[in-house]
There are 2 protein chains.
Amino acid sequence: MLKIDRELFMKMALVEAKKAFEIGEIPVGALCVYNNKIIATGHNRIIIDNDPTAHAEIVTIRTACKIMGNYRLKDVEFYVTVEPCPMCISALINARVACLIFGAYSDKWGYMTKFKMDDSLWNHKMKIYGGILSSDSKLLLRDFFKKLR
Amino acid sequence: MLKIDRELFMKMALVEAKKAFEIGEIPVGALCVYNNKIIATGHNRIIIDNDPTAHAEIVTIRTACKIMGNYRLKDVEFYVTVEPCPMCISALINARVACLIFGAYSDKWGYMTKFKMDDSLWNHKMKIYGGILSSDSKLLLRDFFKKLR
């Protein structure tokens, strides 16, 4: 996977994040790539769907699994604009995603930065790349929380 | 909450777990109690729904939130027949469930027993009672995995 491809897919995930922003949800976007093609996209829908599990990652995993006709997302690369929370990183492990690429690190809800989860205990190993187009993601979050106040 | 009430509700959750068993899913069942009434029930539906997030807890949280018309489950007591995995405990925290009552401890996937998650970092405090009707839950799991082999 080339750096340029990664940034291109992350830009598409940021487009998803903006959709969340526009409906008043915390701007986080995600997408799944399989064979170098986007097979599913999603964004936060917690308030609009009355669903505390409807984080961008869960929405996207569920859509991708429907499309793949499988409850495992083997060989899938997963993009999300912010470091996943403990719920979402665990969902990605449960889904057996091959590779996770995320944007901004989060000291508010990041599974690693905030919650310091012990990845040596996971029963599935994912490749993980953090900090991709981090400043674009952070800018979007900052604008959102500024607007909220 | 009296011990007798807790065991009664856990028995109802075990009925849900048996429904999972009957459709070939790992037998875990859950339910939500609000004002001493069951408002939602659920069981594992991972394979049947092609959804790696469809653990008993997530299924039940989503149903309860639809019924309550809210993405928070304030004042809800949540029953599940087995110790939640990291995904599900985090979903319960995201949902702001007041109290969690679970059955068997799990060294295979328990957020505490296996994954030793640091609950001091959570941004919501739940009362947690584990080990309720544990042997009934374990028996069901043992039967399931015996059948599978």
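To be clear, the structure that these remarks concern was listed above.
Each chain carries its own residue numbering, running from 1 in the written order of its sequence. For this description, chains carry letters from A and ligands carry numbers from 1, given in the order in which they are written. Totals for whole chains, interfaces and linings use every residue, but because this is a predicted model, local features are given only for residues with pLDDT of at least 70 and side-chain atom pairs only at 80 or more, for both listing and counting. Working from all heavy atoms in the structure, the side-chain values ignore hydrogens and water.

Caption draft 1: Region of the structure containing the pairing of strand β2 (residues 37-43) of chain A. All names here are of chain A. With six bridges connecting them, strand β1 (residues 29-34) and β2 associate as antiparallel partners. Bridge pairing links Y34 to K37 in β2. What sits between β1 and β2 in their antiparallel hairpin is a turn of two residues, with N35 showing a positive phi close to 55°. Paired strands, as defined in this entry, are two strands with at least two bridges between them according to DSSP. Secondary structure follows DSSP: runs of H or I at least 4 residues long count as helices, runs of E at least 2 residues long count as strands, and numbering of each begins at the N terminus.

Caption draft 2: Inspection of the state of the cysteines at higher detail. Residues and elements named next belong to chain B. The disulfide definition used here is simple: a pair of cysteine sulfur atoms within 2.5 Å. The tally for this structure, following the rule as stated, stands at zero disulfides over all chains. The closest cysteine sulfur to the non-disulfide-bonded C65 is located on C32, 7.7 Å from its own sulfur. C85 provides the cysteine sulfur closest to C88, a residue in no disulfide bond, and the two sulfurs are 4.0 Å apart. Among the residues examined, C88 registers a relative accessible area of 0% and is labelled buried. Buried residues are those whose accessible area, probed at 1.4 Å on protein chains only, stays under 20% of the maximum for their type, while exposed residues exceed 50% and partly exposed ones sit between those limits.

Caption draft 3: Fine view of the relation of the copies chain A and chain B. Here the copies were fitted onto each other by least squares, based on C-alpha atoms from residues at pLDDT of at least 70 in both. Rotating chain A by 180° and moving it 0.0 Å along the rotation axis overlays it on chain B with an RMSD of 0.0 Å. Both copies of the chain, as the preceding transformation shows, are related through a two-fold rotation axis. Taking the C-alpha atom as reference, chain A places M87 of chain A closest to the rotation axis, 2.1 Å from it. The contact criterion used throughout is that any non-hydrogen atoms of two residues lie within 4.5 Å. A share of 100% of interface residues in chain A that are also interface residues in chain B marks the association as one of identical surfaces.

Caption draft 4: Spatial organisation of a positive patch on the surface. Residue and element names in this part refer to chain A. Patches draw on residues past 30% relative accessible area with no salt bridge. Two like charges within 9 Å are joined, as are two nonpolar side chains (Val, Leu, Ile, Met, Phe, Trp, Tyr) within 5 Å. Areas reported as accessible are Shrake-Rupley estimates using a 1.4 Å probe. Residue values count occlusion only from the protein chains shown. Salt bridges are counted wherever a side-chain nitrogen of Lys or Arg sits within 4 Å of a carboxyl oxygen of Asp or Glu. Positive residues here are Lys and Arg, negative ones are Asp and Glu, while His and the chain termini are left out of the count. Taken as the charge location is NZ of Lys, CZ of Arg, CG of Asp or CD of Glu. Among the surface-exposed residues, K108, R142, K146 and R149 lie close enough to one another that they form a single positively charged patch. Secondary-structure assignment places K146 in helix α4 (residues 134-148). Taking relative accessible area as the criterion, K146 reaches 53% and is therefore assigned exposed.

Caption draft 5: Layout of the packing of helix α2 (residues 56-68) of chain B against helix α3 (residues 86-94) of chain B. All names here are of chain B. Between α2 and α3, whose axes approach to 9 Å, the crossing angle comes to 20°. Judged by the inter-axis angle, α2 sits roughly parallel to α3. Of the two elements, α2 crosses α3, and the hand of that crossing is left-handed. Along its contact with α2, which presents E57, I58 and I61, the element α3 presents M87, C88, A91 and L92. Ten residue types, Ala, Val, Leu, Ile, Met, Phe, Trp, Tyr, Cys and Pro, are classed as nonpolar, four, Asp, Glu, Lys and Arg, as charged, and the remainder, Gly among them, as polar. Residue classes in the contact of α2 with α3 are distributed as six nonpolar, no polar and one charged. Convention adopted: a line fitted to C-alpha atoms gives each axis, helices being fitted over their contacting stretch, and angles between N-to-C directions are expressed from 0 to 180 degrees. Here the angle decides the label: under 35 degrees means roughly parallel, over 145 means roughly antiparallel, 65 to 115 means roughly perpendicular, and every other value means oblique. Whether a crossing is left-handed or right-handed is set by the direction in which the near helix is turned from the far one by less than a right angle, anticlockwise for left-handed and clockwise for right-handed.

Caption draft 6: Seen up close, the packing of aromatic side chains. Working definition: rings of Phe, Tyr and Trp (its six-membered ring) pair if their centres are within 6.5 Å, and the pair is stacked with planes under 30 degrees apart, edge-to-face with planes over 60 apart, and tilted otherwise. A complete count under the given rule lists 10 aromatic pairs over all chains for this structure. Ring centres of F9 of chain A and Y79 of chain A lie 5.4 Å apart, and the angle between their planes is 50°; this geometry places the pair in the tilted category. Here F9 of chain A is found in helix α1 (residues 3-22), whereas its partner Y79 of chain A is found in strand β3 (residues 77-82), with 70 residues between them in sequence. Owing to a relative accessible area of 10%, F9 of chain A belongs among the buried residues under this scheme. Between the aromatic rings of F102 of chain B and Y105 of chain B, the centroid separation amounts to 5.0 Å while the plane-to-plane angle is 80°, which identifies the pairing as edge-to-face. Residue Y105 of chain B is classed as partly exposed on the basis of its relative accessible area of 42%. Taken together, the ring pairs in this structure connect F21, F144 and F145 of chain A into an aromatic cluster. Throughout this description, the term charge over a ring refers to an Arg CZ or Lys NZ atom that lies within 6 Å of the ring centre and within 35 degrees of the ring normal. The ring of F145 of chain A is capped by K108 of chain A, whose NZ or CZ atom sits 4.2 Å from the centre of that ring.

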